[in-house]
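# Fold and geometry: a report
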Amino acid sequence: MTMFKKELKREIDILESEIKELEIKRSRSEASLLEALISRREPDADEVKFFRTYNAEIDVKREKLLILQRKFNSIK
């Protein structure tokens with residue numbers, strides 16, 4: 001494995017780890033929002049903000065991950 005490919009693999013691993021951490025945080029907000037929905041009450045504005053923020057961060061990191069994975073797979 002070339003040095004460049006090893007570096008790409010390391011970046012991919014880091015991104016995957018970061019995405020997992022963000023998904024855990026997002027799931028906490030998601031649970032709070034779901035509880036509000038089930039209880040038929042207004043969701044906490046902060047939880048809505050956190051959920052949207054985590055979602056946006058996850059989307060950006062997934063796009064970057066996809067690009068890195070394509071580069072990784074194209075290297076022979």
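Residues numbered from 1 in each chain as written. Predicted model: local features only at pLDDT ≥ 70, side-chain atom pairs only at ≥ 80, totals over all residues. Heavy atoms only, no water.

### Side note on helix H2 (residues 45–74)
Look at H2: 44 Å from first C-alpha to last across 30 residues, which is about the 44 Å you get at 1.5 Å a residue. By the burial criterion, the buried members of H2 are Tyr54, Ile58, Leu65, Leu68 and Phe72. Those residues of H2 that are buried are in contact with helix H1 (3–38). (Helix = DSSP H or I, 4+ residues; strand = E, 2+ residues; numbered from the N terminus. Expected span 1.5 Å × (residues − 1). Buried < 20%, exposed > 50% of the residue type's maximum accessible area, 1.4 Å probe, protein only. Contact = heavy atoms within 4.5 Å.)

### Details of the environment of Arg40
By secondary structure assignment, the location of Arg40 is in the loop between H1 and H2. Taking the relative accessible area as the measure of exposure, Arg40 reaches 79% and is therefore exposed. When the C-alpha positions of Arg40 and Asn73 are compared, they lie 48 Å apart, and in sequence the two are 33 residues distant.

### Examining the packing of aromatic side chains
In the structure shown here, the tally under the stated rule is 1 aromatic pair. Ring centres of Phe50 and Tyr54 lie 6.3 Å apart, and the angle between their planes is 20°; on these two criteria the pair is classed as stacked. Here Phe50 pairs with Tyr54, and both are found in helix H2, just 4 residues apart, close to one helical turn. Judged by its relative accessible area of 17%, Tyr54 is buried. A cation sits over an aromatic face here: Lys5 above Phe72, 4.7 Å from the ring centre. (Phe/Tyr/Trp six-rings, centres within 6.5 Å; stacked < 30°, edge-to-face > 60°. Lys NZ or Arg CZ within 6 Å of the ring centre and 35° of its normal.)

### A word on H1
In this model H1 runs 52 Å from its N-terminal to its C-terminal C-alpha over 36 residues, within 8% of the 52 Å that 1.5 Å per residue would give. Within the span of H1, buried status applies to Lys5, Leu8, Ile12, Leu15, Ile19, Leu22, Arg26, Ser29 and Ala36. Where H1 is buried, its residues meet H2. With its phi angle positive at about 55°, Arg40 sits one or two positions after the end of H1.

Note that every value here comes from positions in space, so none of it alone points to a role or purpose.
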